[in-house]
Amino acid sequence: MPSPSSVEPRLLRAFVAVAEELHFTRAATRLYIAQQALSRDVRRLERELGTELFLRTTRQVALTPDGERLLPLARRALQAQDDLLAAFGQARPLLVDLNSPGLLTGRRVLERARALAPDCELMARYESGLTGAAAEMIAGRLDASFGRFAGLDPALRAALDHQPVRHEPMAVILPEAHPLAAREVVPLAALAGETVYAGAGNPRTPEWTQLAGLLFEGRGIAIAPPAPLAVGEEEFQRLMAKTGHPVLAVVDFPALPGTVVRPLVDPVPLSPVSLVWRRGLTHPAFDALRRAAALLTAEEKWLRRPAGGWIPVVDEG
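Rules used throughout
Residues numbered from 1 in each chain as written. Predicted model: local features only at pLDDT ≥ 70, side-chain atom pairs only at ≥ 80, totals over all residues. Heavy atoms only, no water. Helix = DSSP H or I, 4+ residues; strand = E, 2+ residues; numbered from the N terminus. Buried < 20%, exposed > 50% of the residue type's maximum accessible area, 1.4 Å probe, protein only. Contact = heavy atoms within 4.5 Å. Areas by Shrake-Rupley, 256 points an atom, 1.4 Å probe, with all protein chains shown as cover. Lys, Arg positive; Asp, Glu negative; His and termini not counted. Charge placed at Lys NZ, Arg CZ, Asp CG, Glu CD. Core = buried A, V, L, I, M, F, W, Y, C linked by side-chain atoms within 4.5 Å. Phe/Tyr/Trp six-rings, centres within 6.5 Å; stacked < 30°, edge-to-face > 60°. Expected span 1.5 Å × (residues − 1).

Attention shifts here to the overall build of the protein chain. A count of helices and strands for the protein chain gives ten helices and 13 strands. C-alpha extents for the protein chain along the principal axes are approximately 75 × 45 × 35 Å. The proportion of buried residues among the 317 residues of the protein chain is 46%. Long-range contacts, defined as pairs at least 24 residues apart, comprise 74% of the intrachain contacts of the protein chain with a sequence gap of at least 6. Only carbon and sulfur atoms are counted for the fraction: they give 55% of the accessible area of the protein chain, which is about 16000 Å². Positive and negative side-chain charges in the protein chain, numbering 36 and 36 respectively, have mean positions lying 2 Å apart.

What follows concerns the nonpolar core. Side chains of a nonpolar character, in soluble globular proteins, are inclined to be buried together. Core analysis: the largest hydrophobic core is formed by 23 residues, its most contacted members being Phe15, Val18, Leu38, Leu45 and Phe54. Ranked by residue count, the leading element in this core is helix H1 (residues 9-21), at eight residues. Not counting the four nearest positions on each side in its chain, Leu45 is found in contact with Val7, Leu11, Leu12, Phe15, Leu53 and Leu70. Membership of the second largest hydrophobic core comes to 22 residues, among which are Val186, Val196, Leu248 and Val250.

Further remarks concern the packing of aromatic side chains. Within the structure shown, the criterion is met by three aromatic pairs. Taken together, a centroid distance of 6.1 Å and an interplanar angle of 70° make the contact between Phe24 and Phe54 edge-to-face. Of this pair, Phe24 sits in helix H2 (residues 24-31) while Phe54 sits in strand S1 (residues 54-56), and the two are 30 residues apart along the sequence. Looking at Phe24, the relative accessible area reads 11%, which means it is buried. Measuring from centroid to centroid gives 5.1 Å for Trp277 and Phe286, while their planes differ by 65°, and the two rings are edge-to-face.

With respect to the secondary-structure elements, Gln36 resides in helix H3 (residues 35-49). Between the alpha carbons of Gln36 and Val172 there is a distance of 46 Å; along the sequence they are 136 residues apart.

Before going further, it helps to spend a moment on the environment of Glu234. Within the element layout of this structure, Glu234 appears in helix H9 (residues 233-243). As a C-alpha pair, Glu234 and Pro246 span twelve residues in sequence and 16 Å in three-dimensional space.

Let us now look at H3. With 15 residues, H3 extends 21 Å from end C-alpha to end C-alpha; this agrees with the ideal 21 Å at 1.5 Å per step. All of the buried residues in H3 are Ala37, Leu38, Ser39, Asp41, Val42, Leu45, Glu46 and Glu48. Positive backbone phi, at 70°, marks Gly50, one or two positions downstream of H3.

Within the element layout of this structure, Thr64 appears in the loop between strand S2 (61-63) and helix H4 (65-87). Given a relative accessible area of 6%, Thr64 falls into the buried group. Once residues within four sequence positions are removed from consideration, Thr64 is found in contact with Glu52, Leu53, Phe54 and Leu55.

Shown next as structure tokens:
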């Protein structure tokens with residue numbers, strides 16, 4: 001029987017993916033391989049180690065005691081391999097979440113980082129919310145993200161670190177037929193009596209819904225109740241047309257067909273955006289990412305607050 005010293009890192013990566021997902025299909029999607037190939041690698045690892053690592057039924061996957069024992073060892077072995085490759089210029093890609101394809105702050109930072117570190121691979125991901133991205137970062141499936149750090153659960157913040165990047169002016173997306181759509185800017189007072197969609201019920205974006213609640217408090221603006229999560233522009237447009245609710249956004253958000261984006265004023269609400277990463281992250285491109293964020297923050301004066309600018313007290317620190 002082959003000894004554990006001959007185990008290939010690919011087999012350990014397959015094992016760790018299944019152990020963290022407890023689902024072969026999701027693990028295969030995460031590794032960008034066919035489920036059959038993933039199952040084959042796990043079975044091969046079990047043969048090489050001479051033990052079963054998973055209990056499999058038609059309804060669930062669970063780790064065996066030997067699987068539980070292997071998981072922290074496999075993680076350390078894979079981290080050591082990543083460190084070795086990085087030392088010789090063969091690092092894995094740095095995975096950077098940009099939240100949504102339409103948001104520009106993270107995209108501009110990523111583009112500048114690519115220019116600063118042309119020999120490194122920095123790849124974009126789209127996790128649709130910092131809370132969702134935080135779980136992926138802590139699990140090691142994502143390296144960095146952008147969003148409102150103060151809005152994360154304290155347990156998540158304890159495992160992460162951040163660098164303030166921008167106070168991003170906020171806006172409202174309106175159907176073209178909405179009475180406020182004709183205005184160049186929308187005073188917050190004009191939204192009194194409106195129901196505004198701010199992601200309520202989306203488990204990936206509670207930090208955004210919380211920000212909306214702090215902004216709307218005492219202003220007579222209601223947050224729209226949870227709605228089915230719309231995936232893709234077409235579904236988002238369909239639900240927006242169906243409900244007629246304005247949508248809370250940021251000024252850089254691209255207008256969709258049939259809608260307009262209008263900056264909010266009186267006061268100018270600001271969404272605090274940080275670069276966020278898991279503590280202890282090491283990667284040859286990570287320094288370039290942080291430097292890119294710092295350069296753009298300084299050049300664009302992204303942290304300068306306009307006259308009358310508003311951010312929550314909890315985000316002041």
